[in-house]
Amino acid sequence: MPIYDLGYRHWKGKPLAGERRWWTITRAGVGMLVRRRNFLILLVISLVPFIIRGGMLYAFFFSEQLHFRLPPFFKLDESFYYDFLKWQLFWIFVMLMYAGSGLVANDLRSNALQIYFSKPIRRIDYLAGKLGILGTFILAVTLLPGWLLFLIHMLFAGDGQLLQQKAWIAVSILLFSLLMALINGMLMLAFSSFSRNSRFAGLVFFAFYFFSESVYGLLRVISRDTNWAFCSLKNNYLRVGEAIFGLPSSFNMPVWPSVLVLSVLGAASFLVLYWRIRPVEVVK
Amino acid sequence: MIIELQDLKVVYGRLTALDGITFRMEEGATGLLGPNGAGKSTLIKTVLGFLTPRSGTAFAFGMPTEHHAREIRRRIGYMPENDGHIPGMNAVQFTAYCGELCGMRRSDALQRAHEVLYYVGLEEARYRNIETYSTGMKQRIKLAQALVHDPELLFLDEPTNGLDPKGREEMLQLVAEISSRRGISTLLCSHLLSDVERICPRVAVLHQGRIVTQGAIEELRGEQGDIYELRIKGEKEPFREELKKAGCRELPSHNETMRVALPSSWGPRQVFQAAARSAVQIRHLVPVRDTLEDIFMNSIDGGEHADL
């Protein structure tokens, strides 16, 4: 029987190329979050609107069998999907508070950055990996159920021509979901990088969101006009979402201010992250 | 040659952190010494590819550090001085994750994590959350994450910090074994000179951004010449002058005892003769072996105190 040396042994394997290191970070982060029961419960609850809308689709197509009539204002067009994503913004917000506030703050608190950057990863790998974690969950409650609803819609309709005519809706769902994932994710990471305390980071993000809503609410009351909607983070998403879905605007404002505000927020978040996360501090 | 720095200058704004240093690290263990602010961290950052030299060249494994930073970091294991971990992970998850970040396949990283944790003595605690670890265990997990991808060079920053005597002894044994028997070169930064002396056959001493001494410790001891510790009764200054004229060097000493390096032509007899000429009595004269602390103190204080 051979006797093995249980001391140090050299590794004989060949290292993988470095392009997918961000994916390692994303996968580990997603894995750690889904192991938390509270987060899983939150994820399931956030999919309740999807189940309700799935039921509405079923009721729309099989109302005769169900002896059930949907209200006359119900329309099965692009606004059906836009409304679904619009209401998912709330769950995105809750999910960001729960999962996103600690993503960088906890790494700062536990000196994890020196572990990350002593390995062959770049700052952009780290940021993409962390953004990937938030992006995964945001897309899981927007893009995935949105596309599933669209698929169910097409299956129930059973009309190939309808699929060709309405395929752009699937693209709109993708674009709106990606926009919310990217900007919200960057914003949350930037707030998370400001502090070593994840609760504080979450609180600041909440305050920012609430403050922008309050400013808009105040200006709307004073001016009796919705042209100040670009002051509100949420309304900027909604305004761009309306444009993506080709819907008439519910705000008295063109789309470009919202695009500008979201672009500036995204760029500012990226700069903050680049400034706060410095690999050179790996050795203190 | 593992690391080769040639006339390297690194600046932060107006501050020159490394001022034209030339340093060659061969295979095996090398101690990097220097007081706080000497430039040790800057040197490590430069080798890891985080800083771009203002002038001169920095090579690791034959590659310029500024252009091949990731490849170099893949071949280096770094054990930081400060505690660091990924929140929410146990030791196996953490070590395997570090392996994956270095490019190992998931299955390889997991297998390797178990092996390395066994090697550093954490096999019983490997499924415990790292946040619950004691100081000694945290030092070991830092060593494990530095070793998981089987590096060719280990940077160890104060590896025995905060350890009790038994833990320190075990850590030193591990580091000594890694550097001497496992073929992993080691650059050890420590303020505990006895640790460095025990592990490293070679040292480099940094002071104010310059390398003031480097080489094999045995050779550096030889450079000091024969060293004697002596106590005298009478006026010290004439005696000092007498020794200085003969080419003796006084080494830094912590008490009333003088430490003197004699030239090769001198021995105890000549010291007694010098004492007689300067009218002092020698009460104590013993040959001493130069320690790393002497080499270090002499290097950094050399310009100010060493010469008589």
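For the structure, check the block above.
I will try to describe carefully the structure that is included in this document. (Residues numbered from 1 in each chain as written. Chains lettered and ligands numbered in written order. Predicted model: local features only at pLDDT ≥ 70, side-chain atom pairs only at ≥ 80, totals over all residues. Heavy atoms only, no water.)

## Side note on the interface of chain A and chain B
Alright, step 1. Taken together, the contacts link 38 residues of chain A with 44 residues of chain B.
Alright, step 2. The largest per-residue losses of area from chain A upon contact with chain B belong to Tyr-8, Trp-11 and Val-283 of chain A, which jointly make up 21% of the total buried on that side.
Alright, step 3. Our enumeration of links across chain A and chain B arrives at 3 salt bridges.
Alright, step 4. Two residues, Glu-115 of chain B and Arg-9 of chain A, come together in a salt bridge whose shortest N-O distance is 3.8 Å.
Alright, step 5. When residues of the side of chain A that touches chain B are traced back to their parent elements, those giving at least two are α1 (21-34), α6 (102-109) and α7 (112-117) of chain A.
Alright, step 6. Examining the composition of the side of chain A that touches chain B, we find that 6 residues originate from one element, α1 of chain A, more than from any other.
Alright, step 7. When grouped by side-chain class, the residues that make up the side of chain A that touches chain B number 18 nonpolar, 9 polar and 11 charged. (Contact = heavy atoms within 4.5 Å. Buried area = accessible area lost by both parts, 1.4 Å probe. Salt bridge = Lys/Arg side-chain N within 4 Å of Asp/Glu carboxyl O. Helix = DSSP H or I, 4+ residues; strand = E, 2+ residues; numbered from the N terminus. Nonpolar A, V, L, I, M, F, W, Y, C, P; charged D, E, K, R; others polar.)

## Things to note about the packing of aromatic side chains
Residue and element names in this part refer to chain A.
Alright, step 1. Taken as a whole and assessed by the stated rule, the structure comprises 27 aromatic pairs over all chains.
Alright, step 2. Both rings, one in Phe-80 and one in Tyr-81, keep their centres 5.1 Å apart while their planes meet at 90 degrees; by these two values the pair is edge-to-face. Judged on exposure class, the residue Phe-80 and its partner Tyr-81 are both buried.
Alright, step 3. Measuring from centroid to centroid gives 6.3 Å for Phe-205 and Tyr-209, while their planes differ by 50 degrees, and the two rings are tilted. Of the two residues, Phe-205 and Tyr-209 both sit in helix α11 (residues 198-223), 4 residues apart, roughly one turn of that helix. One exposure class covers both Phe-205 and Tyr-209, and it is buried.
Alright, step 4. Clustering of aromatic rings is evident, with ring pairs tying together Phe-93, Phe-191, Phe-205, Phe-206, Phe-208, Tyr-209 and Phe-210. (Phe/Tyr/Trp six-rings, centres within 6.5 Å; stacked < 30°, edge-to-face > 60°. Buried < 20%, exposed > 50% of the residue type's maximum accessible area, 1.4 Å probe, protein only.)

## Details of the pairing of strand β7 (residues 153-157) of chain B
Residues and elements named next belong to chain B.
Alright, step 1. The element β7 is largely enclosed, with a buried count of 5 among its 5 residues.
Alright, step 2. Where burial is concerned, the two faces of β7 agree: the one with Leu-153, Phe-155 and Asp-157 and the one with Leu-154 and Leu-156 are both buried.
Alright, step 3. Both strand β6 (residues 76-79) and β7 contribute to a ladder of 4 bridges, which runs parallel. In the strand pairing of β7, Tyr-78 is matched with Phe-155.
Alright, step 4. Here 5 bridges tie β7 to strand β8 (residues 185-189), and the two strands are oriented parallel to one another. Considered in β8, the bridge of Phe-155 is made with Leu-187.
Alright, step 5. After leaving β7, the chain enters helix α6 (residues 165-181) and then returns to the sheet as β8, a path that is right-handed. (Pairing = 2+ DSSP bridges. Right-handed = clockwise from strand over helix to strand, strands pointing away.)

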